[in-house]
Structures are given as structure tokens and as C-alpha cells.
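Notes for the structure review
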Amino acid sequence: MWTGDYVFVLENLVMKDFKIRYRNMSLGVFWSLLNPLIMMGVLTFVFTVVFPNNTIKSFPVFVLCGLMPYNFFALAWASGTNCLVDNAGLVKRVPIPRLVLPVASVLSNCVHLLIQIVVLLSFALAFGFGVNRYWWWLPLVWLLEIIFVMGLVMLCSAIDVYVRDVRYAVESSNLVLFWLVPIFYGFEVIPQRLAGIYEYNPVAALVLALRKILMEATPPPSTLMWKLTGSSLLVFVVGLMTFKGLERRFYEHL
Amino acid sequence: MERIVFRDVSKIFTLGGGRKLIQGHMRDWFHPAQRRKFTALCDINLTMREGESLAVVGANGAGKSTLLNLATRLCYPDKGVVEVNGRLAAVLELGNGFHGDLTGAENLRLCAALSGLSRQRVSEVFGSMVDFSGVGEFINQPLRTYSAGMVMRLAFSVAIHVDPDILVVDEVMAVGDQAFQAKCFERMLDFRRQGKTILCVSHAPETLRRMCDRAIWLDHGQIVARGSLDKVMTAYNGRTTNPV
């Protein structure tokens, strides 16, 4: 039995990820801000100048509400899926509970998420969307997203040990999701018969909830919140159980 | 108190041959009997009580490391039961979890956390770990600027600051220069004097003689001799075994 200090291990693993990602960069953590801001600029240019639209006001904030959850999701999912194979040395040689690896991987992406949320909120304020009482919903919807990603990462990282193709499947899915998550289009343009299905996708649901809260100053619809909670918890439980089931033979397959 | 108990333990590895294409998976799925197997350990029975120190000797590929990995729960037996009672620390491969871009101090903390030291214990013994490693002012430099010997010394100083009931050591004693090796030995002997249980693999008879009083000899996954260290070493040195 490993009897160490879980919080201490997680903290150290998260700090390691964070430090090695930025230590040798002269711009340091600013890359965390620069990336989504550049994407925001490009998308805003394309959808206000090249294909002008008259329906969406404050397009930069609108697109940022889509980009931030998507970016976090895509990055956390892709890097988390590789976390066991990349740390094969730890899995094979250091008797730590293996579950700390995917958890640490997601948490280290949460550090960037925090920075990006600050940017998103500053943009919302700068474009004249004031603070409203529904901002209290924000921690909950982000938490659900993190739970969802964590479940997905536990599931995919465990399967990735056995079938290494998973990482490519994840990369392709992320490309597809960029178009299927309403990042640069509104929820209104989705046909009615598909809208219900869209809400089961936690990333899409989060985008919708963010826009409701930040731009329309209304609470997220309760059906949406139930679907978001349900699908996040379901994925988390499935991921955890799969991980627990598969971890006994990680040693043999790494 | 029984610290480590192996009861009829077998460990069998499937030789996949790196087949990871879909046809390989299908073949495994439909014809499980055709998978080639390798028996790393076969019906091992072993009991270690508190304060005992056991050496494991044998040729390369005899199953020594597999035995240690089973004791540390890095892998699980295919047959039989492995019981471990008490806090266990393993020194299987030095420098695992180290990262070249982190400084020596950061690596120390990370490695200590992974080895199961609590936050409080690390802050207590941190200075002592740095002293023991003897890397001096390099401690705040990135690890990639270290010499190989310095990296090993850093890793070893974490290992000896874990305060376990059971210590599992896999051929890592030949670290650093003579002065450092002497220091490491001294710490290992301390462990013995404190009545800790030590399970140790080494190819250096001198190391084993100073650390262990009992030994087992593994050959092709089976225990072919057990008893006092001298008796087993004599038998092992006069061996005629086939390489695996």
C-alpha cells in the first residue's frame, strides 16, 4: 500500500508540468493568453469582415465564450490521454497510485484554464457586459466541465496503454469537435431536432451556459444543466471504473 | 510480524512481440491459446519477518526483478497471493521521475513526494537530503547541467530519506564515488540496526555480505536454493546454469 501524501504529490506533479512547459520560453505564461486571443482575432476577422453577420453582437466576446471551453477541453483531453504512456517510467518503476497521473495531468491544464477565465471575464466587462448575480453559476459549470474531462482522460489514458491508436483518435475527434461545438456560430442556428442532442455534449452545453450567463445575464436553462450534470457524472464514473479495471495490467503493456 | 509473504506465486508474461495492429488484437482475441507465454516466476513461496534481510541472487532474466516488482505491487501475480504489511519503500531505478529542465531542488521535492514522503517530512529533511547528495550549489541549477554521477547521488539521497518498514533495493548500490558509496552503505546498515526488513537484489557479493543474512537463489523463475547467505552464495558461485 502506498501511504504518501496525495495532495503533496498532485501539487508537485502539477508544478512540474507547469514549469517545464514555460521555463524555457521567454514569454512564459503569456502564451497561455496569446493563443486564444490570436484565434479570437482571426475568427472575428473572418466572421465580421469576410462573412459579415448581423445577428451576433460583440463577436469577440461571443467567440471567446466558445474558444475557452473548447481549448481547455481539447488540450486537457489530448495531453491527458498520453499521460500514462509518456510517464511509463513512473508507472513501471515507482509504486505510486496510478490514478494520480491522469488527475495531475488534468489539474495542470486547470492552471491555464484559470488564467483564461480571467481573460474571458475581463473581455466581457470591457465590452460592457456587467457583473450579474448569475455569475455564481460559473464555478459550477466549469467544475462540471472539469469532471467531464477528468472522466474522459481516465478512460482514454487507460485504453491508450493497451491500444496506442487512441491518441490519434482523440486528435481527430478534437478537429471534428471544433466545428461541432458552437464556437463561431450561435445555438439558434442549430435545427430544432438536433438542438436536444447538442445539449448532451458537455462542451457545447458549457459554451451555451457561458453565453447565457455572461452575455444575456440569464441563468442557464435547467434542462441544459441537468443534461450537463448527467453526462459529466456518467463519463466520470465510466472513466473511473474503466481505469480501475485496466490498471492491474498497465505494467505488462508499457 | 510477517512483513512480506509470497504464497504459491506465479507470474506469466504474454509475449506480444510488439503486435499492435488490429489483426494482432483479433488473433489474441479469437485464439487466446496461441499466445506465447513466458513464466517469469513459478510457485514461489517466501516469508520475510520483521528485521530480516534477504538477498536475491541469480542470472540475468532469472526473475529477480519480477519478484521485487510483485513485492512493491507494480504488477500483480497471475497465481497465488502476495501480502505486504507495513510501509514499503522501493529503490528500483534511480532518477525515475526526474526531469532535466527542473532544478535539483525541484526534482528532490517531486521525487520525495512520489516516494511517499509527506509535505512536513520533506521540509524537515530537505536540508539533510541536499547535504547527503553533496551537489552543493548546483542544487538550484537545472538537472540537465548535472553529471551522471551527481544525478544518481541526488536520487539516492531521496531514497535513503524515505523512512519505511520495508526497503526494497534493486542493484542500485554501485552509485557515485567511493566516499559516497561508503555513506550509502552506512545508511543501509543503519536500516538494519533499526530492525527494518530489507529485500535486496545485487550482483556484488560484497554488498550482499554486508547487508543481508539470508538469501535465495532464483533460476528460471524458481527458487533453487535458500538459507543462510554464505550457503547460498557458495552454491551460486559453483553453479552450472544455462543462460535464459
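Since the structure is predicted, the reported quantities are computational estimates derived from the model, not experimental observations.

**Topic: the overall build of chain A**
- When helices and strands are tallied, chain A shows twelve helices and zero strands.
- When the helices and strands of chain A are read in sequence order from the N terminus, they spell out α-α-α-α-α-α-α-α-α-α-α-α.
- Against the compact-globule benchmark of 18 Å for 254 residues, chain A has a radius of gyration of 19 Å, which places it among compact chains.
- If you line up chain A on its principal axes, its C-alpha atoms span 60 × 45 × 35 Å.
- When contacts within chain A are restricted to residue pairs at least 6 apart in sequence, those whose partners lie at least 24 apart make up 81%.

**Some words on the overall build of chain B**
- Within chain B one finds eight helices and nine strands.
- For chain B, the C-alpha radius of gyration of 20 Å lies close to 18 Å, the compact-globule estimate for 244 residues.
- Each principal axis of the C-alpha atoms in chain B carries an extent, and together these give about 60 × 50 × 35 Å.
- Here chain B holds 244 residues, and 40% of them are scored as buried.

**Here we look at the interface of chain B and chain A**
- Taken together, the contact between chain B and chain A spans 25 residues of the former and 23 residues of the latter.
- Among the elements that take part in the side of chain B that touches chain A, helix α3 (residues 104–114) of chain B stands out by supplying five residues, more than any other.
- Looking at the side of chain B that touches chain A residue by residue, the class counts come to eleven nonpolar, six polar and eight charged.

**A few points about the sheet that holds strand β6 (residues 166–170) of chain B**
All names here are of chain B.
- In spatial order, the strands read β5-β6-β7-β3-β8-β9; together these six strands make up an open sheet with mixed pairing. Of all strands in the sheet, those bounded by a partner on one side alone are β5 (88–91) and β9 (222–228). This sheet shows a mean twist of 15° between the axes of neighbouring strands, independent of strand direction.
- Looking at chain direction, strand β3 (residues 53–57) and strand β8 (residues 214–219) are connected through four bridges and run parallel. Along β8, the bridge assignment pairs V57 with W217.

**Notes on the packing of helix α4 (residues 119–133) of chain B against helix α5 (residues 148–159) of chain B**
Residues and elements named next belong to chain B.
- The N-to-C vectors of α4 and α5 enclose an angle of 140°; their axes lie 8 Å apart at closest approach. If you check the angle between α4 and α5, you find them oblique. Here α4 and α5 pass one another in a crossing that is right-handed. Together, M129, F132 and S133 of α4 and R153, L154, S157 and V158 of α5 make up the contact between the two elements.
- Taken together, the residues of the contact of α4 with α5 break down into four nonpolar, two polar and one charged.

**Some words on the domain arrangement of chain B**
- Under the domain assignment, chain B is made up of domain 1 (2–87 + 203–237) and domain 2 (95–163).
- For domain 1 of chain B versus domain 2 of chain B, the separation of C-alpha centres amounts to 30 Å.

**Section: the nonpolar core**
All names here are of chain B.
- Counting 136 residues, the largest nonpolar core has L199 and C200 as its most contacted members.
- For this core, the domains that each give at least three residues are domain 1 (2–87 + 203–237) and domain 2 (95–163).
- Those residues in contact with C200 that lie beyond four places of it in its chain are S53, A55, V56, V169, L208, M211 and C212.

**So, α4(B)**
All names here are of chain B.
- Under the 1.5 Å per step criterion, the end-to-end length of α4 is 20 Å for 15 residues, consistent within 8% with the ideal 21 Å.
- When the local axis directions of α4 are compared, the greatest deviation, roughly 50°, occurs at V125.
- For α4, the secondary structure elements touched by its buried residues are α3 and α5.

**Here's the deal with the sheet that holds strand β2 (residues 36–49) of chain B**
Residues and elements named next belong to chain B.
- With respect to topology, three strands assemble into an open sheet ordered β2-β1-β4, the strand pairing being antiparallel. Two strands lie at the open edges of the sheet, namely β2 and β4 (79–84), each paired on one side alone. Across the sheet, the mean angle from the axis of one strand to that of its neighbour is 20°, orientation sign disregarded.
- Pairing geometry for strand β1 (residues 2–15) and β2, over ten bridges, is antiparallel. The residue of β2 that forms the bridge with E2 is R49.

**Things to note about the packing of helix α6 (residues 100–126) of chain A against helix α7 (residues 137–162) of chain A**
Residues and elements named next belong to chain A.
- It is at 9 Å that the axes of α6 and α7 come closest, and there the two elements cross at 140°. The angle between α6 and α7 falls in the class oblique. The two elements α6 and α7 cross, and the hand of that crossing is right-handed. Within the contact between the two elements, α6 uses P102, V103, S105, V106 and C110 and α7 uses I146, V149, M150, V153, M154 and S157.
- Partitioning the contact of α6 with α7 into residue classes produces nine nonpolar, two polar and no charged.

**Digging into α5(B)**
All names here are of chain B.
- Over its twelve residues, α5 extends 17 Å from the first C-alpha to the last, a length consistent with the 16 Å expected when each residue adds 1.5 Å.
- Restricting attention to buried positions, one finds in α5 the residues M150, V151, R153, L154, A155, F156, S157, V158 and A159.
- Elements in contact with the buried residues of α5: β5, α3, α4 and α6 (178–193).

**Quick notes on the confidence of the model for chain B**
- Averaged over every residue, the pLDDT of chain B is 84; residues scoring 70 or more account for 94%.
- Across the whole predicted complex the pTM is 0.88, and at the interface the ipTM reaches 0.84.

**Structural notes on unusual backbone geometry**
- The backbone of S58(A) shows a phi angle near 45°, a positive value even though the residue is not glycine.
- Positive phi is not limited to glycine here, since D8(B) has a value of about 45°.
- Relative to the assigned elements, D8(B) resides in strand β1.
- Note on D8(B): 12 C-beta atoms within 10 Å, which makes it exposed.

**Details of the environment of V14(A)**
All names here are of chain A.
- By secondary structure assignment, the location of V14 is in helix α1 (residues 6–22).
- As for V14 and W77, which are separated by 63 residues in sequence, their C-alpha atoms are 16 Å apart.
- Excluding residues that lie within four positions of it along the chain, V14 makes contacts with A104, L107, S108 and V111.

Cut-offs applied
Residues numbered from 1 in each chain as written. Chains lettered and ligands numbered in written order. Predicted model: local features only at pLDDT ≥ 70, side-chain atom pairs only at ≥ 80, totals over all residues. Helix = DSSP H or I, 4+ residues; strand = E, 2+ residues; numbered from the N terminus. Rg over C-alpha atoms; globule rule 2.2 N^0.38 Å. Contact = placed C-beta atoms within 7 Å. Buried ≥ 20, exposed ≤ 12 C-beta atoms within 10 Å, placed from the backbone. Nonpolar A, V, L, I, M, F, W, Y, C, P; charged D, E, K, R; others polar. Pairing = 2+ DSSP bridges. Axes fitted to C-alpha atoms, helices over the stretch in contact; angles between N-to-C directions. Parallel < 35°, antiparallel > 145°, perpendicular 65-115°, else oblique. Left-handed = near helix turned anticlockwise from the far one by under 90°. Domains from an automatic or database assignment. Core = buried A, V, L, I, M, F, W, Y, C linked by C-beta atoms within 7 Å. Expected span 1.5 Å × (residues − 1). Bend = angle between axes of the 7 residues up to and from the residue. pLDDT = per-residue confidence, 0-100.

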